[in-house]
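Structural characterization, general
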Amino acid sequence: MWTREELKQNAKNTLRDKYWTILGVSVLAGILQGSFFTIITELVNPTHTYLTVLGNYAIDVNGLIRLWIIITIISWLYSIFLGHTILIGAYKYFILSIKENPSTSTLFDFFKTSYWNIVKVMFFYQIKIVLWTLCFIVPGIIKAYEYCMVPYILAEHPEMESAAVFERSRMLTQNNKMNIFVLEISFIGWLFLGMMCCGIGVIFVSPYIDITMTHLYLKLKEIHGIDQPELPPIPEIL
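Moving on, we come to the overall build of the protein. A tally of regular secondary structure across the protein gives 11 helices and zero strands. Helices (α) and strands (β) of the protein occur, in sequence order from the N terminus, as α-α-α-α-α-α-α-α-α-α-α. Carbon and sulfur atoms provide 68% of the accessible area of the protein, an area that totals close to 14000 Å².

Spelled out as structure tokens, the structure:
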């Protein structure tokens, strides 16, 4: 079994000498995953009131709508073919950070190997959650927690078939979904403090959350005996 206190203490131990390095990689990964597209699409979002007002004077609102659609499509394609692969590289970096000091280039490891499998699995991952949420919100949330270990599994086993990845995530999160939800909720205080600093402070909290969730993944694997070294056979007593 695991506890929130145990995971958070393990995360603090990991971050003691690596916080700034992990923070830098986390920020870089966030930018490369396409966060800049989010900023751009928000700036040109035609539903914003200030743009509608300005449109009465100097802005071509119809042109703005077309621009917003184009940027949204490009952002979606970028996320599928580049962003998700960098995301899995970030999860690999977090996992390796527990016991070693990985290189920042780890973010790009999966462009060299298993690229198309990661694109495929992450595409199915997003589609499954979206479809479940569109049908029923609560089942969608449950499925999101059921599949929350998919990125970690892919980071360690990028060649694994999608069915096996989802099945392993289902096994790891079985009877743990509510506990994982409570673990995430326990970071609200930190996130609130981060938001008070013009929202910038949230960035500085992200390594703590990321490494805690990484320790959770490793703990769940340990509980289920996954990827554990096999014990040598017990010698027979003559």
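For the rest of this paragraph, the subject is the nonpolar core. One broad trend across soluble globular proteins is that nonpolar side chains are buried collectively. Residues Met149, Val150, Leu154, Ile180 and Leu216 are the most contacted members of the largest nonpolar core, which totals 47 residues. For this core, the elements supplying multiple residues, two or more each, are helix 1 (4–15), helix 2 (19–43), helix 4 (61–97), helix 5 (115–135), helix 7 (150–156), helix 8 (162–173), helix 9 (177–185) and helix 11 (201–224). Top element by residues in this core is helix 11. It accounts for eight residues. If sequence neighbours within four positions are ignored, Leu154 has contacts with Ile88, Phe110, Asn117, Ile118, Val121, Met122 and Val165.

The next point concerns the pattern of salt bridges. Inspection of the entire model under this criterion finds nine salt bridges. Measuring nitrogen to oxygen at the nearest pair gives 2.5 Å for the salt bridge that ties Glu167 to Arg170. Of the two residues, Glu167 and Arg170 are both situated in helix 8; the distance of three residues between them amounts to about one turn of the helix. Under the relative-accessibility criterion, Arg170 is labelled partly exposed at 29%. Salt bridges linked by common partners bring Lys143, Glu146, Glu167 and Arg170 together as one network.

With that settled, the discussion passes to unusual backbone geometry. One non-glycine residue, Ser114, adopts positive backbone phi at about 60 degrees. Relative to the elements of secondary structure, Ser114 occurs in the loop between helix 4 and helix 5. Of note, Asn175 is a non-glycine position whose phi angle comes to about 65 degrees, a positive value. Tracing the backbone through its elements, the reader meets Asn175 in the loop between helix 8 and helix 9. The exposure class of Asn175 is exposed, given its relative accessible area of 70%.

Enumeration according to the criterion identifies 14 aromatic pairs in this entry. Following the ring pairs from residue to residue traces out a cluster consisting of Tyr91, Tyr93, Phe94, Tyr152 and Tyr217. Positioned above the aromatic ring of Phe187 is the side chain of Lys8, whose terminal nitrogen or guanidinium carbon lies 4.7 Å from the ring centre.

For Ile71, the location among the structural elements is in helix 4. With relative accessibility at 12%, the residue Ile71 sits in the buried group.

A pair of packed helices can be characterised by two numbers: the angle between their axes and the separation between those axes. At their nearest, the axes of helix 6 (residues 137–146) and helix 9 sit 10 Å apart, and the two run at 90 degrees to each other. Judged by the angle between their axes, helix 6 and helix 9 are roughly perpendicular. Across the interface between the two elements, Ile142, Tyr145 and Glu146 from helix 6 touch Lys177, Ile180, Phe181 and Glu184 from helix 9. Each residue belonging to the contact of helix 6 with helix 9 can be placed in one class, and the counts come to four nonpolar, no polar and three charged.

Now for the packing of helix 5 against helix 8. Their axes nearest at 10 Å, the elements helix 5 and helix 8 cross at an angle of 55 degrees. The orientation of helix 5 with respect to helix 8, classified from their angle, is oblique. As helix 5 packs across helix 8, the resulting crossing turns out to be right-handed. For the pair formed by helix 5 and helix 8, the contact residues are Val121, Phe124, Tyr125 and Lys128 on the first element and Ser162, Val165 and Phe166 on the second. Considered class by class, the residues forming the contact of helix 5 with helix 8 number five nonpolar, one polar and one charged.

Calculation criteria
- Residues numbered from 1 in each chain as written.
- Predicted model: local features only at pLDDT ≥ 70, side-chain atom pairs only at ≥ 80, totals over all residues.
- Heavy atoms only, no water.
- Helix = DSSP H or I, 4+ residues; strand = E, 2+ residues; numbered from the N terminus.
- Areas by Shrake-Rupley, 256 points an atom, 1.4 Å probe, with all protein chains shown as cover.
- Core = buried A, V, L, I, M, F, W, Y, C linked by side-chain atoms within 4.5 Å.
- Buried < 20%, exposed > 50% of the residue type's maximum accessible area, 1.4 Å probe, protein only.
- Contact = heavy atoms within 4.5 Å.
- Salt bridge = Lys/Arg side-chain N within 4 Å of Asp/Glu carboxyl O.
- Phe/Tyr/Trp six-rings, centres within 6.5 Å; stacked < 30°, edge-to-face > 60°.
- Lys NZ or Arg CZ within 6 Å of the ring centre and 35° of its normal.
- Axes fitted to C-alpha atoms, helices over the stretch in contact; angles between N-to-C directions.
- Parallel < 35°, antiparallel > 145°, perpendicular 65-115°, else oblique.
- Nonpolar A, V, L, I, M, F, W, Y, C, P; charged D, E, K, R; others polar.
- Left-handed = near helix turned anticlockwise from the far one by under 90°.

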